Amino acid sequence: MRKIADQASDNTQPAAKRSQGRQALARRVREALLALGGEAHRQVVIEQVARTMGHDVRQIPEELEAAVISSFEENWRNEARRQAYGFHLRFGEGSHRWGVRPVDAVA
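Residues numbered from 1 in each chain as written. Predicted model: local features only at pLDDT ≥ 70, side-chain atom pairs only at ≥ 80, totals over all residues. Heavy atoms only, no water.

Describing the overall build of the protein
For the protein, the helix and strand inventory stands at 6 helices and 3 strands. If you list the helices and strands of the protein from N to C, you get α-α-β-α-α-α-β-β-α. The buried share of the protein, taken over its 107 residues, is 36%. Taking the contacts inside the protein whose residues are at least 6 apart along the sequence as the reference set, 48% of them involve residues at least 24 apart. Carbon and sulfur atoms make up 47% of the accessible area of the protein, which totals about 6,600 Å². (Helix = DSSP H or I, 4+ residues; strand = E, 2+ residues; numbered from the N terminus. Buried < 20%, exposed > 50% of the residue type's maximum accessible area, 1.4 Å probe, protein only. Contact = heavy atoms within 4.5 Å. Areas by Shrake-Rupley, 256 points an atom, 1.4 Å probe, with all protein chains shown as cover.)

Laid out in structure tokens, this is it:
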């Protein structure tokens, strides 16, 4: 379990490597949202990401859950990255209903 937290927030890794890890997780979140029809409750998204990473969704590591939430929020708050990934919150900030726009709507 510690490995996920280390990958998501280890400050001893070079910044470029941490950035790549966060981008990879953001892509997984985007893929999960698209697979779920473009919009879903964040817990369902977390379960989908965990499933694709080979985790038992009945026991998702807290570190993974926190990393997925952090990834979405970081990218949603940054306008350029929000546009790149197509992330949106239908009901505004603080909503647990996450969404993604299709690729052609992002461009």
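Here's the deal with helix α4 (residues 62-77)
Helix length check: α4, at 16 residues, gives a terminal C-alpha distance of 22 Å against a target of 22 Å (1.5 Å per residue), a fit within 8%. Buried within α4 we find Leu64, Ala67, Val68, Ile69, Ser71, Phe72, Asn75 and Trp76. (Expected span 1.5 Å × (residues − 1).)

Focus on the confidence of the model for the protein
A residue-level look at the protein finds 78% of positions with pLDDT of 70 or above and a mean pLDDT of 84. Mean pLDDT in the protein bottoms out at helix α1 (residues 2-9), which sits at 48, and peaks at strand β1 (residues 39-41), which reaches 97. Note on residues 5-10: pLDDT under 50 across the span, and 6 contacts to partners over four residues away in sequence or across chains. (pLDDT = per-residue confidence, 0-100.)

Overview of the sheet that holds strand β2 (residues 87-89)
Here we have 3 strands laid out as an open sheet, ordered β1-β3-β2, and antiparallel in their pairing. Each edge of the open sheet carries a strand with a single partner, namely β1 and β2. The mean inter-strand angle of the sheet, taken between neighbouring strand axes irrespective of direction, is 30°. With 3 bridges connecting them, β1 and strand β3 (residues 97-100) associate as antiparallel partners. The residue of β3 that forms the bridge with Glu39 is Gly99. Where helix α3 (residues 42-52) meets the sheet, it contacts β1 and β3, and its direction lies at approximately 100° from that of β1. Helix-sheet contacts for α4 involve β2 and β3, and the interaxial angle to β2 is about 95°. (Pairing = 2+ DSSP bridges. Axes fitted to C-alpha atoms, helices over the stretch in contact; angles between N-to-C directions.)

Comments concerning the pairing of β3
With 3 bridges connecting them, β2 and β3 associate as antiparallel partners. Bridging across to β3, Leu89 finds its partner in Trp98.

Regarding the nonpolar core
Among the nonpolar cores identified, the biggest contains 22 residues, and Val29, Leu33, Val45, Val68, Phe72, Phe87 and Trp98 are the most heavily contacted of them. Contributions of two or more residues to this core are made by α2 (15-35), α3, α4, β2 and β3. Here this core gets 6 residues from one element, more than from any other, and that element is α4. Leave out the neighbours within four places in its chain, and Leu33 touches Gly38, Glu39, Ala40, Val45, Phe72, Phe87, Trp98, Gly99 and Val100. (Core = buried A, V, L, I, M, F, W, Y, C linked by side-chain atoms within 4.5 Å.)

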